[in-house]
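Each chain is listed here by its residues.
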Amino acid sequence: MAAYLCPPAVIHGEHAVKTSEIVAEVRDRHPHAAWEPRIDGIAASTGIETRGWMLPLETAVAPGEGSGLRALGREPAQQALIRDGFAQQDVDRVIAALESIPAPQTVQERTAPAWEAVQAYGERAARGALQTAGLDASDVDCLITSHSTTPALPGLDMTLANRLQLRSDVMLLPATQWACIAGTRSLALAADLVAADPDRVVLVVISEALSTTYQPADDTLESLIVRLLFADTAVAAVVTGRPRSEAVLRLDAAWHHTLPGTQDLHRLETREDGTHFVMDRRGPRAVQETVTAMWEWLHARYQDDPDAWHPDVLLAHPGGTRVLEYMEQTMPDTWPPGLLDYSRDSYTSGNRGGAAVFDILRRAHDAGLQKPGNRAVLYAAAPGLTATALEGQWL
């Protein structure tokens, strides 16, 4: 399978949003929510103090351009009130009151500015990855993209094809629904592509504005947690079929796993006011099942040397601290401690979705502690519920 991965470019959201700011906004908006007395403890349990967003918090919580009459319209409302016997003076008062009520943002109002940011951040990441790999846009043979939180057609692949001025014969592979596994699955696909043609150069770009799932009107506990978790990030990396001096990791094998009947545990729903991320409390347990299956895959892969082999670094996007803890609890006792340090470090500034594994890899690379020959395992799970992992060697 050998594929060679160059260091990823990582562009964090430039607007720092503190957890304390989110807590204050939510508490002011939902003072009577059932979870309000516990909000400080819930926020602290995430371990996240600040996350970067592509747009400021004020953008996410701003009202829409219309009023409470936006859906019905002023004239139909007046006619309905008159038919019900209201005097004109009362009609005018009711209409004025309704017009003073701000309407929530529409899907377009929420998504349009985020989509512009996703494209701009994606371009910056792509250019950074090409520069790091010592390549030009003209060298790219295939482009894989993902941006599940800002659906658009044409998508990020066409944006980058034009902005980077890629060749007209470049293979474009958009994967907008990969979500949290975009990092690992795009690398697995890239590895398959260069295995078929070692001279191929594959550029992977993932740009996610997860802050679009911040829904001010929601008062559920799950919505509170979503507000606290997500960060916005764009990442990109180059994968080649032949060794390059710039490459940092050789990918040797990939593994995929899907749990049947779990498609409703985590999902995105598009409603009038934008995108909502819906979570089920059974989700972490299902993710743990994929972790167990991954251990079994690695055990079978190294069954001839089960005691001596272990990864030297584990680059895992689990979606939450509970799964990280489960990973550590279920690792063989002979494995060294600290394998998930970079994963934990990344999570302290937010859940980056599909961009997470690239961010974790970049942290491991920048630390400069990995030696040639060290083994790395990359893992991610996503709504579906599905998971992809890769195993490779540090160069």
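Residues numbered from 1 in each chain as written. Predicted model: local features only at pLDDT ≥ 70, side-chain atom pairs only at ≥ 80, totals over all residues. Heavy atoms only, no water.

Asks: Can you tell me about the side chain of Q119, naming the residues and giving the values?
Replies: Turning to its location among the elements, Q119 is positioned in helix α6 (residues 107-133). Since its relative accessible area comes to 8%, Q119 is described here as buried. Discounting chain neighbours no more than four positions away, the residues touching Q119 are L156, T159 and R163. (Helix = DSSP H or I, 4+ residues; strand = E, 2+ residues; numbered from the N terminus. Buried < 20%, exposed > 50% of the residue type's maximum accessible area, 1.4 Å probe, protein only. Contact = heavy atoms within 4.5 Å.)

Asks: Can you lay out the UniProt feature "domain: Chalcone/stilbene synthase N-terminal" (unreviewed entry) in the chain for me, pointing to particular residues and giving the numbers?
Replies: Mapped onto this structure's residue numbering, the UniProt feature "domain: Chalcone/stilbene synthase N-terminal" (unreviewed entry) falls at residues 105-242. Span residues 105-242 is 43% helix and 20% strand, its end C-alpha atoms 49 Å apart. (UniProt positions renumbered as here; feature names shortened; annotations may be inferred.)

Asks: Could you give an account of the environment of Q370, with specific residues and numbers?
Replies: Here Q370 is to be found in the loop between α13 (356-367) and β13 (375-382). With a relative accessible area of 15%, Q370 lands in the buried category. As a C-alpha pair, Q370 and D312 span 58 residues in sequence and 8.0 Å in three-dimensional space.

Asks: Summarise helix α7 (residues 156-163); cite the residues concerned and give the values.
Replies: The α-helix advances 3.6 residues per turn, and as a result positions three or four apart in sequence lie on the same side. Buried within α7 we find L156, D157, T159, L160 and A161. Its buried side turned inward, α7 meets α6, β5 (142-146), β6 (171-174) and β7 (201-209). Of the residues flanking the end of α7, it is Q165, one or two places downstream, whose phi is positive at about 55°.

Asks: So what about helix α1 (residues 19-29)? Which residues, and what values?
Replies: Looking at α1, one finds that the buried residues are T19, I22, V23, E25 and V26. Seen from one end, α1 has its buried residues packed into an arc of 165°, which puts them on one side. Opposite its buried face, α1 presents the exposed residues S20 and D28, each directed more than 90 degrees away. Contacts from the buried residues of α1 go to β3 (15-18), α2 (39-45), β4 (50-53), α3 (57-61) and α9 (221-229). (Arc of directions from axis to C-beta.)

Asks: Give me the pattern of salt bridges: which residues, what numbers.
Replies: For the structure on display, the rule yields 19 salt bridges. Between E123 and R127 there is a salt bridge whose closest N-O contact spans 3.1 Å. With E123 and R127 both in helix α6 and four residues apart, the pair spans about one turn of that helix. On the basis of relative accessible area, E123 is assigned to the buried category, the value being 17%. Since its relative accessible area comes to 43%, R127 is described here as partly exposed. One salt bridge connects E246 with R244, and the closest N-O pair in it is separated by 3.4 Å. (Salt bridge = Lys/Arg side-chain N within 4 Å of Asp/Glu carboxyl O.)

Asks: Account for the pairing of strand β14 (residues 386-394), with residues named and values stated.
Replies: Most of β14 is tucked away, with eight of its nine residues classed as buried. Taken together, the nine bridges between strand β9 (residues 249-258) and β14 define a ladder with antiparallel strand orientation. Directly across from R250, in β14, lies its bridge partner Q393. Following β13, the chain reverses through three residues before pairing antiparallel with β14; G384 in that reversal takes a positive phi of roughly 155°. (Pairing = 2+ DSSP bridges.)

Asks: An account of the packing of aromatic side chains is requested, with residue identities and associated values reported.
Replies: Scanning the model with the defined rule gives five aromatic pairs in all. Between W53 and Y214 the ring centres are 5.6 Å apart and the planes differ by 75°, which places this aromatic pair in the edge-to-face class. With W53 in strand β4 and Y214 in the loop between β7 and α9, this pair connects stretches of sequence that are 161 residues apart. Relative accessible area serves as the criterion here: at 1%, W53 is assigned to the buried category. (Phe/Tyr/Trp six-rings, centres within 6.5 Å; stacked < 30°, edge-to-face > 60°.)

Asks: Now, about empty space enclosed by the protein: what can you tell me, with residues and values included?
Replies: Within the structure shown, the criterion is met by two cavities of 30 Å³ or more. Considered as a void within the structure, the largest cavity measures approximately 100 Å³ in volume. At the level of secondary structure, the elements contributing two or more residues to the lining of the largest cavity comprise α3 and α6. The class makeup of the residues in the lining of the largest cavity is six nonpolar, four polar and two charged. (1 Å grid on protein atoms, 1.4 Å probe; cavity = no way out; pocket = protein on both sides within 12 Å on 5 of 7 lines; lining within 4 Å. Points joined across faces, edges and corners; volume = space filled by probe spheres on them. Nonpolar A, V, L, I, M, F, W, Y, C, P; charged D, E, K, R; others polar.)

Asks: Help me get a handle on the packing of α1 against α9, residues and values and all.
Replies: The contact between α1 and α9 brings their axes to 9 Å, and the two run at 150°. As far as their axial angle goes, α9 and α1 are roughly antiparallel. Of the two elements, α1 crosses α9, and the hand of that crossing is right-handed. Across the interface between the two elements, T19, I22, V23 and V26 of α1 pack against L224, R227 and L228 of α9. (Axes fitted to C-alpha atoms, helices over the stretch in contact; angles between N-to-C directions. Parallel < 35°, antiparallel > 145°, perpendicular 65-115°, else oblique. Left-handed = near helix turned anticlockwise from the far one by under 90°.)

Asks: Any details on the nonpolar core? Residues and values, ideally.
Replies: Nonpolar side chains in soluble globular proteins generally cluster together in the buried interior. One finds I144, L187, V202, V239, L249 and L378 to be the most contacted residues of the largest nonpolar core, which totals 40 residues. When residues of this core are assigned to their parent elements, the largest contribution, seven residues, is made by helix α8 (residues 182-196). Ignoring anything within four residues of it in the chain, the contact list for L249 reads A3, Y4, L5, L361, A376, L378, G392, Q393, W394 and L395. Counting residues in hydrophobic clusters, the runner-up holds 33 residues, among them A117, A125, A126 and A133. (Core = buried A, V, L, I, M, F, W, Y, C linked by side-chain atoms within 4.5 Å.)

Asks: With reference to specific residues and values, describe the layout of surface pockets.
Replies: By volume, the largest pocket amounts to about 1100 Å³. Among the secondary structure elements, those contributing two or more residues to the lining of the largest pocket are α2, α9, β10 (266-271), β11 (274-279), α10 (283-301), α11 (321-330) and β13. The class makeup of the residues in the lining of the largest pocket is 21 nonpolar, 20 polar and six charged.

Asks: Residue-level account of the environment of V205, with values.
Replies: If you trace the backbone, V205 turns up in strand β7. For V205, a relative accessible area of 0% translates into the label buried. In the structure, V205 is positioned 88 residues away from A293 in sequence and 28 Å away in space, judged by C-alpha atoms. Not counting residues within four places of it along the chain, the set of residues in contact with V205 comprises G122, A126, L143, I144, T145, S146, L156, L160, V235 and A236.

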